[in-house]
Amino acid sequence: MPSETSDGLGALLSGARFGQFLSVGAIGAVFDLTVSTILSVGFEVPPEYAKLVGAEVAIVVMFVVNERWTFADHGLDGWPNTLRRFVKSNLVRSGGLAVQFLVVQFLAGLSVTVVVAGFDFWQVIPFPVAIACSLLVNYVFESLVTWQVHR
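> In this structure, what is going on with the side chain of Asn-138? I would like to understand it.
If you trace the backbone, Asn-138 turns up in helix H5 (residues 126-146). Residue classification places Asn-138 among the buried residues on the basis of a relative accessible area of 6%. Ignoring anything within four residues of it in the chain, the contact list for Asn-138 reads Phe-21, Arg-93, Gly-96 and Gln-100.

Pasting the structure below:
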């Protein structure tokens, strides 16, 4: 495995960093799924819009954790630089969010039911599927654009 600092590709392919990113993503997924499910099931917000709100909550949480842990050794210190990275992170993750929105919209539009104990789980199944679909997009662009690990 290439060293993390040997070249741009090596920095992107860091197994340790990807593992941290996955761990942070799991935390974000909990926030995302909780908010999305509450809005969709509890308040009958259309699932693709519930997903947008849940994803933004997760983006904020994941940015904070990634800033302090996953990418702590990248980026300049100070509030202006942190704010700049936060804005970049939101812009970057809009690509992953677009993937999630489309996946949820597609899956929610299917005539599928998965009823267990009287609850149709198909209402919430598209959410984790959408998260999984956007994982790689988010990792690559967060690494290269937000925290610039290749520098």
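> Help me understand unusual backbone geometry, please; the structure alone is not making it clear to me.
Peptide bonds are trans in most cases, and residues, glycine excluded, mostly fall at negative phi. Of note, Glu-44 is a non-glycine position whose phi angle comes to about 55°, a positive value. In this structure, Glu-44 sits in the loop between helix H2 (15-42) and helix H3 (47-70). The class for Glu-44 is exposed, based on a relative accessible area of 69%. With a phi close to 55°, Ala-117 is a non-glycine residue in the positive phi region.

> Would you explain the confidence of the model for the chain in this entry?
For any part of a model where pLDDT is low, the fine detail of the predicted coordinates should not be relied upon. The share of residues in the chain with pLDDT of 70 or more is 95%, and the mean pLDDT across the chain is 87. Taken element by element, the predicted model of the chain shows its lowest mean pLDDT in helix H1 (residues 8-12) (70) and its highest in strand E1 (residues 115-116) (96). Within the model, the stretch residues 1-6 combines pLDDT values under 50 with eleven contacts to residues more than four positions away or in other chains.

> Explanation requested: a nonpolar patch on the surface in the structure shown.
A cluster of nonpolar side chains, namely Phe-106, Leu-110, Val-112, Val-114, Val-116 and Phe-121, defines an oily patch on the protein surface of about 470 Å² accessible area. Within the secondary structure layout, Val-114 lies in the loop between helix H4 (79-108) and E1. Judged by its relative accessible area of 31%, Val-114 is partly exposed.

> For this particular structure, what's the right way to read the packing of aromatic side chains?
Each aromatic ring pair is characterised by the separation of its centres together with the angle its planes make. Per the stated rule, a full pass over the model turns up six aromatic pairs. Judged by centre distance (6.4 Å) and plane angle (75°), the rings of Phe-21 and Phe-71 are edge-to-face. Taken together, the positions of Phe-21 in helix H2 and Phe-71 in the loop between H3 and H4 put the pair 50 residues apart, joining distant regions of the chain. Residue Phe-21 is classed as buried on the basis of its relative accessible area of 3%. With relative accessibility at 0%, the residue Phe-71 sits in the buried group. Aromatic pair Phe-63 and Phe-86: ring centres 5.2 Å apart, planes at 75°, arrangement edge-to-face. With Phe-63 in helix H3 and Phe-86 in helix H4, the pair connects residues that are 23 residues apart, well separated along the chain. Feature note: the residues Phe-18, Phe-21, Phe-71 and Tyr-139 constitute an aromatic cluster, connected by ring pairs.

What counts, and at which threshold
- Residues numbered from 1 in each chain as written.
- Predicted model: local features only at pLDDT ≥ 70, side-chain atom pairs only at ≥ 80, totals over all residues.
- Heavy atoms only, no water.
- Helix = DSSP H or I, 4+ residues; strand = E, 2+ residues; numbered from the N terminus.
- Buried < 20%, exposed > 50% of the residue type's maximum accessible area, 1.4 Å probe, protein only.
- Contact = heavy atoms within 4.5 Å.
- pLDDT = per-residue confidence, 0-100.
- Patch = residues over 30% accessible without salt bridge, like charges linked within 9 Å, V, L, I, M, F, W, Y side chains within 5 Å.
- Areas by Shrake-Rupley, 256 points an atom, 1.4 Å probe, with all protein chains shown as cover.
- Salt bridge = Lys/Arg side-chain N within 4 Å of Asp/Glu carboxyl O.
- Phe/Tyr/Trp six-rings, centres within 6.5 Å; stacked < 30°, edge-to-face > 60°.

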